[in-house]
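Observations on the three-dimensional arrangement
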Amino acid sequence: MLRFTKLISKQMRHVRLAFRRWNSNSMSNRALGYNVGEEIHGFTVNKVTNIPELFLTAVRLDHIDTGAQYLHLARDDSNNLFSVQFRTTPMDSTGVPHILEHTVLCGSEKYPCRDPFFKMLNRSLSTFMNAFTASDYTMYPFSTQNSKDFQNLLSVYLDAVFFPRLRELDFWQEGWRLEHEIPKDPLSPFVFKGVVFNEMKGAFSDNEALFAQHLQNKLLPDHTYSVVSGGDPLHIPDLTWEQLKQFHATHYHPSNARFFTYGDLPLEQHLKQIHEEALCKFQQIKPNTAVPPQSLWHKPRAHHIKCGPDSLAADPAKQTTVSVSYLLADITDTFEVFTLNLLSTLLLSGPNSPFYKALIEAKIGTNFSPAAGFDGSTREACFSVGLQGIEESDVEPIRGIIAKTIDEVIENGFEEERIEAILHKIEIQMKHQTTNFGLSLASAIASCWNHDGDPVEVLKIGDKVTQFRECLKKNPHFLQEKVKQYFKDNSHCLTLTMSPDDAYFEKQARAEQEKIKEKVISLTDEKKKEIYQKGLELLALQSATQDASSLPALKVSDIQPTIPFTEVEMAFAGDVPVQYCAQPTNGVVYFRALSSLNTLPEELKPYVPLFCHVITKMGCGSLDYRQQAQQIELKTGGMSASPCIVPDNSDMDVYEQGVLFSSSCLERNLTDMMYLWSTVFNNPRFEDEERLRVLVRQIAQELCNGIPDSGHVYAAVRASRTLTPSGEAEEVFGGMNQVKLMKRIAEMPDLTTVLRLLPRIKLHLLNSDNMRCALNATPQQICKASDDINMFIREISRKKKDRKLLRAHVIEKPLNPAHTGSSATYGVKVTRKLISDPTFKPCEMKTYFQFPFPVHFASECIRTVPYTDNDYASLRILARLVTAKFLHSEIREKGGAYGGGAKLGQGGIFTFYSYRDPNSTETLASFTNGVKWAKAGKFTQQDIDEAKLSVFSSVDSPIAPSDKGMNCFLYGISDEMKQRHREQLFAVTHDDLVKVANKYLAIGQSTRGVAIVGPENESITKDPSWVIR
Ligand SMILES: [Zn+2]
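Let us look at the structure shown here. Along each chain, residues carry numbers from 1 onward, in the same order as the chain's sequence is written. Totals for whole chains, interfaces and linings use all residues, but because this is a predicted model, local features are given only for residues with pLDDT of at least 70 and pairs of side-chain atoms are given and counted only at 80 or more. Here the side-chain values reflect all heavy atoms present in the structure, with hydrogen atoms and water set aside.

**Notes on the overall build of the protein**
The number of helices and strands found in the protein is 35 helices and 31 strands. Radius of gyration here is computed from C-alpha atoms only, and the compact-globule reference equals 2.2 Å multiplied by the residue count raised to the power 0.38. A compact globule built from 1029 residues would reach a C-alpha radius of gyration of about 31 Å, and the protein, at 28 Å, matches this within 12%. Taken along its principal axes, the extent of the C-alpha atoms in the protein is 85 × 75 × 65 Å. Remark: exposure states derive from per-residue accessible area (1.4 Å probe, protein chains only) relative to the maximum for the residue type, with buried under 20%, exposed over 50%, and partly exposed in between. Counting only residues that meet the buried cut, the protein has 61% of its 1029 residues in that class. Taking all contacts inside the protein whose residues are at least 6 apart in sequence as the whole, residues at least 24 apart take part in 81%. Under the counting rule used here, the positive set is Lys and Arg, the negative set is Asp and Glu, and His together with the chain ends is not counted. Note on charges: their place is set at NZ of Lys, CZ of Arg, CG of Asp or CD of Glu. A distance of 3 Å separates the average location of the 114 positive side-chain charges in the protein from that of its 122 negative side-chain charges. Here a helix means four or more residues in a row that DSSP labels H or I, a strand means two or more in a row labelled E, and each is numbered from the N terminus. Pairs of residues are marked as contacts when any of their non-hydrogen atoms sit within 4.5 Å.

**Focus on the packing of aromatic side chains**
Two aromatic rings from Phe, Tyr or Trp, using only the six-membered ring of Trp, form a pair when their centres are within 6.5 Å; if the ring planes differ by under 30 degrees the pair is stacked, by over 60 it is edge-to-face, and anything between is tilted. Applying the stated criterion across every chain yields a total of 42 aromatic pairs. When the centroid spacing of 5.4 Å and the interplanar angle of 80° are considered together, the rings of Phe-43 and Tyr-70 count as edge-to-face. With Phe-43 in strand β2 (residues 43–51) and Tyr-70 in strand β4 (residues 69–74), this residue pair connects regions lying 27 residues apart in the sequence. Of the residues examined, Phe-43 reaches a relative accessible area of 0% and is grouped as buried. Think of it as a cone above the ring: NZ of Lys or CZ of Arg counts as a charge over the ring if it is within 6 Å of the ring centre and within 35 degrees of the ring normal. Its end group placed over the ring of Phe-969, Arg-772 keeps NZ or CZ at 5.3 Å from the ring centre.

**What about the nonpolar core?**
If you look at the biggest cluster of nonpolar residues, it comprises 132 residues, and the most contacted ones within it are Phe-260, Phe-355, Phe-487, Phe-591 and Trp-677. Top contributing element to this core by residue count: helix α11 (residues 334–348), with eight residues. When neighbours within four sequence positions are excluded, Phe-260 is seen to be in contact with Leu-71, Leu-73, Leu-81, Phe-82, Ser-83, Gly-438, Leu-441, Ala-442, Ile-445 and Trp-449. Counting 89 residues, the second-largest nonpolar core is a separate cluster that includes Met-120, Tyr-157, Leu-265 and Ile-305. To qualify as a nonpolar core, a set must consist of buried Ala, Val, Leu, Ile, Met, Phe, Trp, Tyr and Cys residues joined through side-chain atoms within 4.5 Å.

**Side note on the coordination of the zinc ion**
Six octahedral donors around a metal ideally subtend angles of 90 or 180 degrees, whereas four tetrahedral donors ideally subtend 109.5 degrees. Distances define the donors: N, O and S atoms within 2.8 Å of the metal qualify, as do those within 3.2 Å of Na, K or Ca. Water is excluded, so some sites may look unfinished. Protein-derived ligands of the zinc ion are His-98 (NE2), His-102 (NE2), Glu-199 (OE) and Glu-199 (OE), with the metal-ligand distances lying across 2.1 to 2.7 Å. Every geometry call rests on angle ranges, with four donors termed tetrahedral when all angles are between 85 and 135 degrees, four termed square planar and six termed octahedral when opposite donors are over 155 degrees apart and all others are between 65 and 115, and everything else termed irregular. For the zinc ion, the four donor atoms in the first shell make angles of 53 to 155° at the metal, a pattern classed as irregular. Counting residues between consecutive donors of the zinc ion along the chain gives the motif H-x3-H-x96-E. You can see His-102 sitting in helix α3 (residues 96–103) and its partner Glu-199 sitting in helix α7 (residues 195–203), a full 97 residues away along the chain. Across the pair, Glu-199 and His-102 agree in class, each one buried.

**A look at the environment of Asp-991**
With respect to the helices, strands and loops of the structure, Asp-991 is situated in helix α34 (residues 990–1001). Taking relative accessible area as the criterion, Asp-991 reaches 60% and is therefore assigned exposed. Placed 54 residues apart in sequence, Asp-991 and Gly-937 show a C-alpha to C-alpha distance of 8.3 Å.

**Regarding the pattern of salt bridges**
Any Lys or Arg side-chain nitrogen located within 4 Å of an Asp or Glu carboxyl oxygen qualifies as a salt bridge. In total, this model carries 56 salt bridges according to the counting rule given. Here Arg-469 makes a salt bridge to Glu-420, at a shortest N to O gap of 2.8 Å. Of this pair, Arg-469 sits in helix α17 (residues 461–474) while Glu-420 sits in helix α14 (residues 416–431), and the two are 49 residues apart along the sequence. Two residues, Lys-431 and Glu-427, come together in a salt bridge whose shortest N-O distance is 3.7 Å. Separated by four residues within a single helix, Lys-431 and Glu-427 lie in helix α14, roughly one turn from each other.

**Concerning unusual backbone geometry**
Residues apart from glycine generally show negative phi values, whereas peptide bonds are mostly found in trans. Phi at Phe-55 takes a positive value of approximately 60°, unusual for a residue other than glycine. Of note, Phe-55 is situated in the loop between β2 and β3 (56–63). Given the relative accessible area of 23%, Phe-55 is considered partly exposed. Residues other than glycine seldom take positive phi values, yet Asn-586 does so here, at roughly 65°. Relative to the elements of secondary structure, Asn-586 occurs in the loop between β19 (576–582) and β20 (588–596). Overall, Asn-586 belongs to the buried group, its relative accessible area being 15%.

**Overview of the sheet that holds strand β29 (residues 909–915)**
Here six strands make up an open sheet; going across it, the order is β28-β29-β27-β30-β26-β31 and the pairing mixed. Two strands bound the open sheet, and with one partner strand each, they are β28 (899–904) and β31 (1027–1028). Across the face of the sheet, helix α29 (residues 870–894) comes into contact with β28 and β29 while running at roughly 170° to β28. Strands pair, by our definition, only if DSSP identifies at least two bridges between them. Here an axis means a line fitted to C-alpha atoms, over the contact stretch when the element is a helix, while the angle between two N-to-C directions is reported on a 0 to 180 degree scale.

**What to know about helix α28 (residues 779–795)**
Taking 1.5 Å as the rise per residue, α28 with 17 residues should run 24 Å; its terminal C-alpha atoms sit 25 Å apart, in good agreement. The angle separating two fitted axes, one through the seven residues that finish at a residue and one through the seven that start at it, defines the bend at that residue. At Ala-785, α28 shows its maximal bend, which comes to roughly 30°. Taken together, the buried positions of α28 are Gln-781, Ile-782, Ala-785, Ser-786, Asp-788, Ile-789, Phe-792 and Ile-793. Of the surrounding secondary structure, the elements contacted by the buried residues of α28 are β18 (569–573), β19, β20, α23 (670–682) and β23 (771–777). Residue count minus one, scaled by 1.5 Å, sets the expected span of a helix.

**Describing empty space enclosed by the protein**
Grid points spaced at 1 Å over the protein atoms alone were grouped into cavities, where a 1.4 Å probe fits but cannot get out, and pockets, open sets with protein on both sides within 12 Å along at least five of seven lines, with lining residues defined by an atom within 4 Å of a point. Grid points are joined across faces, edges and corners, and a volume is the space filled by probe spheres set on the points. According to the stated counting rule, one finds seven cavities of 30 Å³ or more in the structure shown. Here the largest cavity is characterised by a volume of approximately 400 Å³. Lining the largest cavity are 32 residues; nearest its centre among them are Asn-207, Asp-310, Gln-319, Gln-701 and Asn-705. At the level of elements, α8 (207–219), β16 (380–390) and α24 (689–719) are the ones that each hand at least two residues to the lining of the largest cavity. Per-element tally for the lining of the largest cavity: the top contributor is α24, with six residues. Class assignment for the residues of the lining of the largest cavity results in 15 nonpolar, 11 polar and six charged. In the scheme used here, Gly and all other residues not listed as nonpolar or charged are polar, with Ala, Val, Leu, Ile, Met, Phe, Trp, Tyr, Cys and Pro taken as nonpolar and Asp, Glu, Lys and Arg as charged.

**Topic: the packing of α29 against helix α31 (residues 941–955)**
Contact pair α29 / α31: the axes reach a minimum separation of 9 Å and the direction vectors enclose 115°. Considered as vectors, α29 and α31 are oriented roughly perpendicular to each other. Of the two possible hands of crossing, α29 and α31 adopt the one that is right-handed. Note on element contacts: α31 touches α29 through Asp-943, Ile-944, Glu-946, Ala-947, Lys-948, Ser-950, Val-951, Ser-954 and Val-955, opposite Arg-876, Ile-877, Arg-880, Leu-881 and Lys-885. Along the lines of polarity and charge, the residues of the contact of α29 with α31 split into six nonpolar, two polar and six charged. Orientation categories follow fixed angle ranges, with anything under 35 degrees roughly parallel, anything over 145 roughly antiparallel, 65 to 115 roughly perpendicular, and all other angles oblique. Definitions for this section: a left-handed crossing has its near helix turned counterclockwise from the far helix by less than a right angle. A right-handed crossing has that turn clockwise.

**Quick look at the pairing of β2**
Across two bridges, strand β1 (residues 39–40) lies against β2 in antiparallel orientation. Each residue of the ladder has a partner; that of Glu-39, found in β2, is Thr-44. Where β1 folds back on β2, the antiparallel hairpin that results is connected by two residues, among which His-41 adopts a positive phi of roughly 45°. Note that β2 and β3 share eight bridges and pair antiparallel.

**Description of the environment of Val-996**
Along the chain, Val-996 turns up in helix α34. We classify Val-996 as buried; its relative accessible area is 0%. In this structure the C-alpha to C-alpha distance between Val-996 and Leu-878, which are 118 residues apart in sequence, comes to 8.4 Å. Residues within four places of Val-996 in sequence aside, it is in contact with Asp-871, Ser-874, Leu-875, Leu-878 and Leu-1001.

**What about the side chain of Thr-378?**
Mapped onto the elements, Thr-378 comes out in the loop between β15 (373–375) and β16. In contact with Thr-378, not counting residues within four places along its chain, are Asp-136, Gln-216, Leu-220, Tyr-225, Ile-331, Ser-447 and His-451.

**Brief notes about the state of the cysteines**
The term disulfide is used for any two cysteine sulfur atoms that are within 2.5 Å. One pass over the full model with this rule turns up zero disulfides. The structure places no disulfide on Cys-773, whose sulfur is separated from the nearest cysteine sulfur, that of Cys-644, by 13 Å. In this structure Cys-968 is not part of a disulfide, and its nearest cysteine sulfur, from Cys-581, lies 10 Å away. A relative accessible area of 8% places Cys-968 in the buried class.

**With respect to the packing of α29 against helix α30 (residues 921–936)**
α30 packs onto α29 with a crossing angle of 135° between their chain directions and a minimal axis gap of 10 Å. Considered as vectors, α29 and α30 are oriented oblique to each other. Taken as a pair, α29 and α30 cross one another with a handedness that is right-handed. In contact with Leu-878, Leu-881, Val-882, Lys-885, Phe-886, Leu-887, Glu-890 and Ile-891 of α29, α30 contributes Thr-923, Ser-926, Phe-927, Asn-929, Gly-930, Trp-933 and Ala-934. Looking at side-chain class alone, the contact of α29 with α30 contains nine nonpolar, four polar and two charged residues.

**Remarks on the pairing of strand β10 (residues 190–193)**
With burial as the criterion, each face of β10 is covered, one bearing Phe-190 and Phe-192 and the other bearing Val-191 and Lys-193. Where strand β9 (residues 177–180) meets β10, four bridges bridge the pair, whose relative direction is antiparallel. Counterpart to Glu-179 in the pairing with β10 is Val-191.

Structure follows, in structure tokens:
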């Protein structure tokens, strides 16, 4: 259960990492100079290991006085990461570790202001800040590229976890409280409130999460894994403030802590600060938090649970889920775990795997069961396989299929080529540079280290691959024997089934009411009065002006005034423009192509997402879909297509529409990958109706399952649908209508009509008309790559006379506006063809999507100005300002929602949103009050500077070598434009902010749209201004 992760991870898709000095390896080499036994600032070095395949050196240390463990990974990456993790092993489902995770971030001894964690988001240039509660540990990571910022954040994090205030009012706000529905009205009924309480209600409205939770509870029933570490909403109100403080005292101690640092900042400085600010104040204790091994069962077990009905289920009669799960090896046995992980991939990943063939292609269900595959998050790893979207009567036959498949694998083994494909995948994953590599490493080692395994062993992937190959060579039945040992002969095996109960949510609500009644009945009048008083006290505290002056902060002057420009070169392959960007990609080549949709007839548009999903999965040329999947795995890091709508950066009514083809491969495989692409373009196979059915069911199931998690995205897409032509197109490709269309297709008994649409879309899309390409690779590779791209373009079909642009309103714009005419770098003029819809008129609309969820997702969107407009920068700062200084307190702290705020989209849509929100219309009122607050201008220069820092931390977030130059290629935003935008951001003043609030956000100024996803709502149903869906 993560604090805010879902929201952050949505934003994180745009966060990429810079790698400077890639070839130097200087930090890694320097770290090799540490000697075992050396003492540094209270720590002893106990192991130094070079890991060449990841370009890093690992240094393990122990803190002498407390026994705290430390791992530093020295690597030439400026995106430095810190994390501290505690082993938290609760024995009940009150959610104590989760509520503690929230509450320690509410103020500490040195930083006594309210909510320093959220405040630091505005006082730092962090590239990541978060906290996670896993089943058996709690982790606090952050990353930043600025060394001063690193020290600031480290200081706040250390004080938060070791010296939190843990006040009773913080516990009420973040955990749970009994309070009057309207705190100021003592006659209004008592209800439960609290951030974690609502967060968990939201989390368990997701049937996949519910299933995964029960799976762990029942497969590992002897100790901490039998409870819900995030908190069961019906047990959360059993937790007391005293118990919370006790849990902190016993678990958040250095002797129970594991510190991790990563990057190019010097280790000594980290050690000194951690020792002086925290560890020197503690003595060693015996934490007693270890998880004992699960005692093994002598015979398999079965369990059944109920869930809420899925109103979008493709087939209402098929809503049962079944899985068979096995307990595997100890997580600290790193080679065994590596082997079992690889084995799981062989067993159920992709259309060539035995479980895919036996279960998915049998079309008994829609998709694999939740949590299918390998799970290494507990002390002993597990493996699960099963199906969702099945009929109840199919449970037994499916168990039979699983057993039979295991027997067949033991008999026949795996094809050598599949094993090679997986080892190739590991190689490419190691070489692919991501922007959050430190965080990936921290997560990869967390579980093993948590149970006292050696985290460095987990990272030695090269050794593991060598050892694996040796085992296979020595014993060709190596994998088959593992399958026999862990699956066939394993009696620690659980069958879990889940089926819907129409009254499920009703029963949950009734149980909550019972719980409230139970609490209220024991209250004396005096106690009731006290609750009323405390409710007012909390409200007053939440509404008080906050003093954050104790917190460290960067200044606006710490932000780099200019950005380094990315060099790209433009050339032509035939008449197709190709952008080349030389980058230290570590031997991986990234190829993309964007093909326009301008000639596609309107009636085919809704099927473009389906087309994209299946185009690389149905087979091509002489390859059937299995052979194609095998080739893609053997030769590439993935080949995919996705629809994209790009709003113009200077005109709200203009946008570009197309499909983006993306792929990557090792340098040695580029010719093969481009050949695969030309075969996909020239001879895609669209004849296999059964294959299409399998894929469509999976997509429909995934889309439906995604709604409880991404409700805010669906609400925002709908709310902006009537504001711009691009918003309308976005709804067609990615809105609730798309989900409903997929569901309809999945239900169709005959798919031939859909199958016939695919070649029609191909005709308009898979050719070199209106295409542009981009390639990122090492400088040495670019010359060879251009030959391969030329060959690809020559081979795919060219212009045909009969394909006219359907829209009369096509606007041609230069791809890089800074390089119109003949420019040195761009050489020739390259344009994009955008479209406008002169019949489009923005209009107001309010939509309510009724779902059986216990929480809401609300969104209000306002049409403002495009990226290049002078006011865009002011609106962007304003969105951040109103989030941090007003909406966060109203929607999260007072309202009890998991999240809420405002943001400005690239297309100029100002979006208010709430996430897992107990309120609906009240939140809409908060949005309106947010605008009033902004208009009144009662914010300080400090507030504005903080908003600027926060905006710049996303503007300046690192970009991976694979993604350099993409802003220009995809969005037509050149580095010159980005630099101008930076200057506009720096220049924003108090007056500008008040001006744009009045000019665009005030009621009656601009067109707006509203949408809510949530449960039945009487007041909205009665209000004719709402459209109910
Ligand atoms: Zn949480």
